[in-house]
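Understanding the architecture of this molecule
Each chain, written out:
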Amino acid sequence: MKLENPTPINWKFSERAEQLQSSVIREILKVTMRPEVISFAGGLPSPETFPVERMKAAFDKVLSEQGKTALQYGPTDGYAPLREFIAASLSTADCKILPEQILMVSGSQQGLDLLGKVLVDEGSKILVETPSYLGALQAFSVYQPQFESVDTDEHGLIPASVAAKGEGARLMYALPNFQNPTGRTLSIERRMELVETCARMGIPLIEDNPYGDLCYSGEPLPKMLNMNPNGVIYMGSFSKVLTPGIRLGYVVGPVPLIRKLEQAKQAADLHTAQLTQMVVYEVIKDGFLGEHIPTIRTFYSRQCDVMLEAMTKFFPQGVTWTRPEGGMFIWVTLPKHIDSKLLLDEAIQHNIAFVPGGPFYANEAEKNTLRLSFVTVSPERINEGIEKLGKLIKAKM
Ligand SMILES: Cc1ncc(COP(=O)(O)O)c(C=O)c1O
């Protein structure tokens, strides 16, 4: 039974939905699916790092031993043993994090959406770095805030700019480690100053840290969460240290906020899949990340070196770039007159892709910037791609 020629619906979207836009990166990724394209555009981790066998064994174990629990609905705040594990791993000598301060989410991207939902009203001032993570701008935009761009320099966010611009802000969103898109890292002094400034001004500080463990040398810098657990909302993710396909992240914060986020999450998806949480717990509970993460660090560090060397060789004078100490991205600044969006159109014709910098800016964009990711392309193709890109840039100098 089916209606004959039903009148087509004239979709009337909400005002909120009308102003939604597709992420530029997702659009570019469609082009880069073609195998001949050398893509520095993706923000994807390298699949070479996915512990497939380990995950397979854990799925098998969880389903064999606790299948009925794993396949049942679960609690909104998440699988308790995993929350306990995360709380312990985030605790320091003078800052204990409790499991009730943790909400498991379906990727930290969901955490951003939920934070927008519970903290942002239409017109609320929210502070973001210049530039910032595009996915966060996209998530917060749904709630129609007023973005205020905090100044940055080659060392990342400038805390004094928060003091100057932050009056009345509802939140500050910061990426202290190997920032997406610039690859920059915030010094301990600046972290302290930022935490103090936000605390003094009563601004909740979001510390988004999906790349923090991927430092190429030394140990990760202290978390802002541990400097002021009452004022910092921390976001972690398993996407870059295990696999993104399981969609598992967490938000850490003061209990009243976590309870409010939990209500918002109930409305969104009831809970994050119990099965994947149990599997991840099974994979990491005996210290697997301690062996696994160093292999990712070494791999990404080599890839990064290959790209930096190729850039030194093939990019013309007048182009500058960041030298990340971890993570997945290099940020390039071209001479002012070169628009990276137009450069991309040309580059795609030569089967090269990157992400133009514009969409990473909440307000006025620096159009002569672009982001390169070095983790999913082989060293040979990095060299080939950077050489071709260098030629295209040179032709515009
Ligand atoms: C800075 C930042 N935050 C959050 C996310 C979302 O990560 P997840 O896979 O945990 O949703 C990403 C993904 O690339 C990211 O770069």
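Residues numbered from 1 in each chain as written. Predicted model: local features only at pLDDT ≥ 70, side-chain atom pairs only at ≥ 80, totals over all residues. Heavy atoms only, no water.

1. Regarding empty space enclosed by the protein
Using the criterion set out here, one finds 2 cavities of 30 Å³ or more in the structure. Approximately 80 Å³ is the volume found for the largest cavity. The wall of the largest cavity is formed by 14 residues, among which Glu 129, Gly 156, Leu 157, Gln 179 and Arg 184 lie closest to the centre. Residues that form the lining of the largest cavity fall into these classes: 5 nonpolar, 7 polar and 2 charged. As a volume, the second largest cavity reaches approximately 30 Å³. With 3 residues, helix α8 (residues 188-201) is the single largest residue contributor to the lining of the second largest cavity. Counted by class, the lining of the second largest cavity contains 6 nonpolar, 2 polar and no charged residues. (1 Å grid on protein atoms, 1.4 Å probe; cavity = no way out; pocket = protein on both sides within 12 Å on 5 of 7 lines; lining within 4 Å. Points joined across faces, edges and corners; volume = space filled by probe spheres on them. Nonpolar A, V, L, I, M, F, W, Y, C, P; charged D, E, K, R; others polar. Helix = DSSP H or I, 4+ residues; strand = E, 2+ residues; numbered from the N terminus.)

2. Observations concerning the layout of surface pockets
The volume enclosed by the largest pocket comes to roughly 650 Å³. Residue lining of the largest pocket: 26 residues in total, with Arg 26, Gly 43, Gln 109, Tyr 133 and Lys 240 positioned closest to the centre. Going through the elements one at a time, α2 (24-32), α5 (108-119) and α6 (134-141) are the ones with two or more residues in the lining of the largest pocket. Grouping the amino acids of the lining of the largest pocket by side-chain chemistry returns 12 nonpolar, 9 polar and 5 charged.

3. What about the pattern of salt bridges?
By the definition in use, this model includes 14 salt bridges. Between Lys 61 and Glu 65 there is a salt bridge, with the nearest N and O atoms lying 3.7 Å from each other. Placement of the pair is Lys 61 and Glu 65 together in helix α3 (residues 52-70), with a separation of 4 residues, close to one helical turn. Of the residues examined, Glu 65 reaches a relative accessible area of 55% and is grouped as exposed. (Salt bridge = Lys/Arg side-chain N within 4 Å of Asp/Glu carboxyl O. Buried < 20%, exposed > 50% of the residue type's maximum accessible area, 1.4 Å probe, protein only.)

4. A word on the site of the ligand
The environment of the ligand is made up of 14 residues, and the closest members are Ser 108, Asp 208, Tyr 211, Ser 237 and Ser 239. Asn 180 is positioned with one of its side-chain polar atoms (N or O) 2.9 Å from an oxygen atom of the ligand. Asp 208 is positioned such that a nitrogen or oxygen atom in its side chain is 2.6 Å from a nitrogen atom of the ligand. Within the complex, 92% of the 400 Å² of free accessible area of the ligand lies under protein. A majority-of-atoms criterion places the ligand in the largest pocket. Looking at side-chain class alone, the shell around the ligand contains 5 nonpolar, 6 polar and 3 charged residues. (Near = heavy atom within 4 Å. Polar contact = N/O pair within 3.5 Å; in protein donor to acceptor, adjacent residues only side chain to side chain. Areas by Shrake-Rupley, 256 points an atom, 1.4 Å probe, with all protein chains shown as cover. Sits in = over half its atoms within 2 Å of the grid points.)

5. Brief notes about the sheet that holds strand β11 (residues 320-321)
Sheet architecture is open: 4 strands sit in the order β11-β12-β15-β14, paired in antiparallel fashion. Whereas interior strands pair on both sides, the edge strands pair on one side only; in this sheet they are β11 and β14 (355-356). Pairing of β11 with strand β12 (residues 329-333), which is carried by 2 bridges, proceeds in the antiparallel orientation. Paired with Thr 320 across the two strands is Thr 333, which belongs to β12. (Pairing = 2+ DSSP bridges.)

6. Observations concerning the domain arrangement of the chain
As far as domains go, the chain holds domain 1 (15-51 + 290-394) and domain 2 (73-286). In this structure, domain 1 and domain 2 have C-alpha centres spaced 24 Å apart. Each partner contributes to the interface: domain 1 provides 36 residues, whereas domain 2 provides 33 residues. Buried surface at the junction of domain 1 and domain 2, summed over both partners, amounts to about 2,900 Å²; 64% is from carbon and sulfur atoms. When the area that domain 1 buries against domain 2 is broken down by residue, the three leading residues are Arg 297, Phe 329 and Phe 360, summing to 20%. Put simply, domain 1 and domain 2 have 0 salt bridges between them. (Domains from an automatic or database assignment. Contact = heavy atoms within 4.5 Å. Buried area = accessible area lost by both parts, 1.4 Å probe.)

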